[in-house]
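The residues making up each chain are set out below.
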Amino acid sequence: MTIQSFIILERQIKRMEEEVVIDYIKESKLSVKSAVEKMQTMEIMEKTFDSESNDIALYLAMSKRAEEEGEKEIAAYLFNIAMDEASHAAQFAALLGMVKDTRTNLLNMLAGEIQAEKDKSDASEVAFGEGNDEAFKFFEKSMKDETRHKEGIKKILSKLQAKD
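Structural notes, computed from the coordinates. (Residues numbered from 1 in each chain as written. Predicted model: local features only at pLDDT ≥ 70, side-chain atom pairs only at ≥ 80, totals over all residues. Heavy atoms only, no water.)

Bringing the overall build of the chain into the picture now. When you go through the chain residue by residue, the secondary structure sums to 5 helices and 0 strands. Ordered by position from the N terminus, the helices and strands of the chain form the series α-α-α-α-α. By the burial criterion, 20% of the 164 residues in the chain qualify as buried. Counted over contacts in the chain with a minimum sequence separation of 6, partners at least 24 positions apart contribute 55%. Total accessible area on the chain stands at roughly 12500 Å², and carbon and sulfur atoms take up 59% of it. (Helix = DSSP H or I, 4+ residues; strand = E, 2+ residues; numbered from the N terminus. Buried < 20%, exposed > 50% of the residue type's maximum accessible area, 1.4 Å probe, protein only. Contact = heavy atoms within 4.5 Å. Areas by Shrake-Rupley, 256 points an atom, 1.4 Å probe, with all protein chains shown as cover.)

Here we come to the side chain of lysine 150. By the element assignment, lysine 150 lies in helix H5 (residues 133-163). For lysine 150, a relative accessible area of 12% translates into the label buried. Side-chain polar atoms of lysine 150 contact the side chain of glutamate 117, separated by 2.9 Å. Once you skip the residues sitting within four places of it in the chain, lysine 150 turns out to touch Leu110, Glu113, Ile114 and Glu117. (Polar contact = N/O pair within 3.5 Å; in protein donor to acceptor, adjacent residues only side chain to side chain.)

Our next topic: helix H4 (residues 102-129). With 28 residues, H4 ought to run about 40 Å at 1.5 Å a step, and its terminal C-alpha atoms sit 40 Å apart, in line with that. The complete set of buried residues in H4 reads Leu106, Leu110, Glu113, Ala116, Glu117, Lys120, Ala123, Ser124 and Ala127. Each element contacted by the buried residues of H4 is listed here: H5. After H4 finishes, the residue glycine 131 shows a positive phi value of roughly 75 degrees. (Expected span 1.5 Å × (residues − 1).)

The next thing to look at is the nonpolar core. Of all hydrophobic cores here, the largest spans 6 residues; its members are Met45, Phe49, Ile56, Ala89, Ala93 and Leu96. Secondary-structure elements contributing two or more residues to this core are helix H2 (32-68) and helix H3 (72-95). No other element matches H2, which puts 3 residues into this core. What isoleucine 56 contacts, discounting residues up to four positions off in sequence, is Ala82, Glu85, Ala86 and Ala89. (Core = buried A, V, L, I, M, F, W, Y, C linked by side-chain atoms within 4.5 Å.)

Right, let's talk about the packing of H4 against H5 for a bit. For the pair H4 and H5, the least separation of the axes is 8 Å and the interaxial angle reads 160 degrees. Overall, the two elements H4 and H5 adopt an arrangement that is roughly antiparallel. The two elements H4 and H5 cross, and the hand of that crossing is left-handed. (Axes fitted to C-alpha atoms, helices over the stretch in contact; angles between N-to-C directions. Parallel < 35°, antiparallel > 145°, perpendicular 65-115°, else oblique. Left-handed = near helix turned anticlockwise from the far one by under 90°.)

Laid out in C-alpha cells, this is it:
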C-alpha cells in the first residue's frame, strides 16, 4: 500500500468514525458533550475489561509457577487476585452489554469456541512447521479443550431447546 493510499484510507476511516459519533448523538438525544463523555466512559470500560481479562491469565500463570516452586501461600494469594480480576472483568462485561440472555450467551460462546478450535488447529500446524514442539503440543491440547467446550455448549443448548 502506498503512502497516498494509506492517507486516503485513514481519512475514510476517520469520516466513518465521525459518522458513528453523529449517529450515536442523534439516537441517544444527548448533547455533544454528554455523548462524548459517555463514549469516553465506554472506551475506558472496554480497555479496563481487556486489561482485567489479561490480568486473570497472568495471575493464574504466576500462581501456577509459585505452586510449582513450592510456594503454596504465594500461589494461593496470586490465585485469589486472579479471581478478583475475573470478578472485575465480569462486571465490566455486564456494564458493556456483553452479557445477554442465556441462550444468546451460549450461541455467542459456541461461535467463539468453534473459531478458537479452528484458530488453535491452524496455530498447531504453524508451530509444527516451525519445529516448535512445545507450542505445537500446547496448541493441540488447547484445541481439544476448545472442542470439548464446543460439544458441552451444544449439549446445553439442546437441553434448553428441549425445554421449549
